[in-house]
Amino acid sequence: MRSDPSTGAAAVLPHDERPAHLLEVDGLSVEFQTRDGTVRVVDDVSFALREGETLAVLGESGSGKSVTSLAVLGLLPRPAGRIVSGSVRFRGTDLTALDERQLRELRGERLAMVFQDPQSALNPVMTVGDQIGEAARRRRRLSRRAARAKAIDMMRLVRIPDAERRVDDYPHQFSGGMRQRAVIAMALALDPDLVIADEPTTALDVTVQQQIMSLLRELQQSRGVGLVLISHDLGVVAGAADRVVVMYGGRVIESGPLRPVYDRPAHPYTVGLMRSVPEAEGDAPLVPIPGAPPSPADLPTGCAFHPRCPLAADRCRTEIPPLQPVGPDRLSACHYAEEVQRDGVPVQPAG
Ligand code: SF4
């Protein structure tokens, strides 16, 4: 790790020494201390994000996807949660080796997060413009007037109409979709290299969801920012992501370029996710995945998905399937990945 001698803050490698990957998560495991003991919530998770790429991390609640993103940004709730192994490299710098001050510095300048609920991400008693301009005012030492101009620019960038007037509005005067645009404007105000958006459209209706996803995609491309989209909905991220990582029970169970995974998934859970959300398969009827995701404190033996899997066989109850190659740049953790890719997965009768 290098640090800026003037500030002591973490410095990323110079341009010509930079690795091809913007973000590399390698063997990351996270544990939480609970009343019932230590629970591993993220187990040996690895993935990488290239410069200017969009990666979708998919899974139901409890899959470990949001905890992974908090761990990447050094935002795990302390002291309950901690990284117990693995590394998180951002342009070659291992974020797990940084202290709190260095992480805060990086989070302000180069890493940004868009949270799922814009209502709670915004301060109800500050104007939207002040909130968008605040980071620039503090970190770039902009005057109040310059910060206001910056806020208007950012509001225009995320297509909030009538920005000059609405800059003085309070969050409650914005619709849900406009609030999420304001939160995205805040995240982009300092020109970060990496944005992690955790379920950025969950609270919004379908039309607004699509508008926000296209906006994120467009901004990601025009500004060359790396984007990690955390979602439970493959349909929502399908038009925006280049690659996908699917998580279940705290582990990665499938990964690869989005289109091949979408066209020919290699894990029954990915198939279940696609069938359980609208738009994922055109007019096909929605089929929810039977049962509920497991608690990380009480994972099933063998393949954690076996109690819900229509293809589960005896070995699935005892042997944890390793994550193995199933095609160019693709991995799956299913004993029967080849068969799933070739023949698909039968729809389980309801009940
Ligand atoms: Fe289903 Fe077995 Fe594959 Fe797990 S390993 S997803 S239980 S077929």
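Within every chain, residues take consecutive numbers counted from 1 along the sequence as written. Given that this is a predicted model, residues contribute local features only at a pLDDT of at least 70 and side-chain atom pairs are listed and counted only at 80 or more, while totals for whole chains, interfaces and linings are drawn from all residues. Computation of side-chain values: all heavy atoms of the structure, hydrogens and water removed.

## Description of the sheet that holds strand β3 (residues 21-34)
Working step 1: Within the open sheet, the four strands sit side by side as β4-β3-β6-β7. Their pairing is antiparallel. Strands with a single pairing partner mark the edges of an open sheet, and in this sheet they are β4 (37-50) and β7 (93-94).
Working step 2: Strand pairing is defined by DSSP finding a minimum of two bridges between the two strands. Helix and strand definitions here come from DSSP, where helices need a minimum of 4 consecutive H or I residues and strands a minimum of 2 consecutive E residues; each element is numbered from the N-terminal end. When β3 meets strand β6 (residues 81-90), the two strands line up antiparallel, connected through eight bridges. Each residue of the ladder has a partner; that of Asp-26, found in β6, is Ser-87.
Working step 3: Residue contacts are defined here by distance: any two heavy atoms, one from each residue, within 4.5 Å place the two residues in contact. All axes are obtained by fitting lines to C-alpha atoms, using only the stretch in contact for helices, and the reported angles, taken between N-to-C directions, cover 0 to 180 degrees. Most of the contacts of helix α1 (residues 65-72) go to β3, to which it runs at about 110°, and overall it touches β3, β4 and β6.

## With respect to the pattern of salt bridges
Working step 1: We define a salt bridge as a contact between a side-chain nitrogen of Lys or Arg and a carboxyl oxygen of Asp or Glu at a distance within 4 Å. Within the structure shown, the criterion is met by 30 salt bridges.
Working step 2: As a salt-bridge pair, Glu-31 and Arg-40 come within 2.9 Å of each other at their nearest N and O atoms.
Working step 3: Each residue's exposure class comes from its accessible area (1.4 Å probe, protein chains only) as a fraction of the maximum for that residue type: buried when under 20%, exposed when over 50%, partly exposed otherwise. Taking the relative accessible area as the measure of exposure, Glu-31 reaches 15% and is therefore buried.
Working step 4: Notably, a salt bridge pairs Asp-162 with Arg-165, separated by 2.7 Å at the nearest N-O pair.

## Let's talk about empty space enclosed by the protein
Working step 1: Both site types are read off a 1 Å grid over the protein atoms alone. A 1.4 Å probe that fits but cannot get out defines a cavity, while an open set with protein on both sides within 12 Å along at least five of seven lines defines a pocket; lining residues have an atom within 4 Å of a point. Grid points are joined across faces, edges and corners, and a volume is the space filled by probe spheres set on the points. Per the counting criterion, the structure on display carries three cavities of 30 Å³ or more.
Working step 2: Forming the boundary of the largest cavity are His-267, Pro-268, Cys-303, Phe-305, Cys-309, Leu-311, Ala-312, Cys-316, Pro-321, Cys-334, His-335 and Tyr-336.
Working step 3: All amino acids are sorted into three groups, where Ala, Val, Leu, Ile, Met, Phe, Trp, Tyr, Cys and Pro are nonpolar, Asp, Glu, Lys and Arg are charged, and the leftover types, Gly among them, are polar. Per-class residue counts for the lining of the largest cavity are ten nonpolar, two polar and no charged.
Working step 4: Here the second largest cavity defines a volume of roughly 60 Å³.
Working step 5: Every residue along the wall of the second largest cavity is listed here: Val-114, Ile-184, Ala-187, Leu-188, Val-195, Leu-216, Leu-219, Gln-220, Val-225 and Leu-227.

## Section: the layout of surface pockets
Working step 1: In this model, the largest pocket occupies a volume close to 620 Å³.
Working step 2: Considering the residues around the largest pocket, the lining is formed by 24 residues, among which Arg-107, Gly-108, Met-113, Ala-135 and Met-186 are closest to the centre.
Working step 3: Those elements that place two or more of their residues in the lining of the largest pocket are α2 (100-109), β8 (111-114), α4 (128-139) and α7 (176-188).
Working step 4: Take the lining of the largest pocket: its biggest share by element is six residues, from α4.
Working step 5: In terms of residue class, the lining of the largest pocket is built from 16 nonpolar, two polar and six charged.
Working step 6: Lining the second largest pocket are 24 residues, and of these Asp-43, Arg-251, Val-252, Ile-320 and Pro-321 sit closest to its centre.
Working step 7: Looking at the lining of the second largest pocket, the elements with two or more residues in it are β4 and β12 (251-257).
Working step 8: No other element matches the five residues that β4 contributes to the lining of the second largest pocket.

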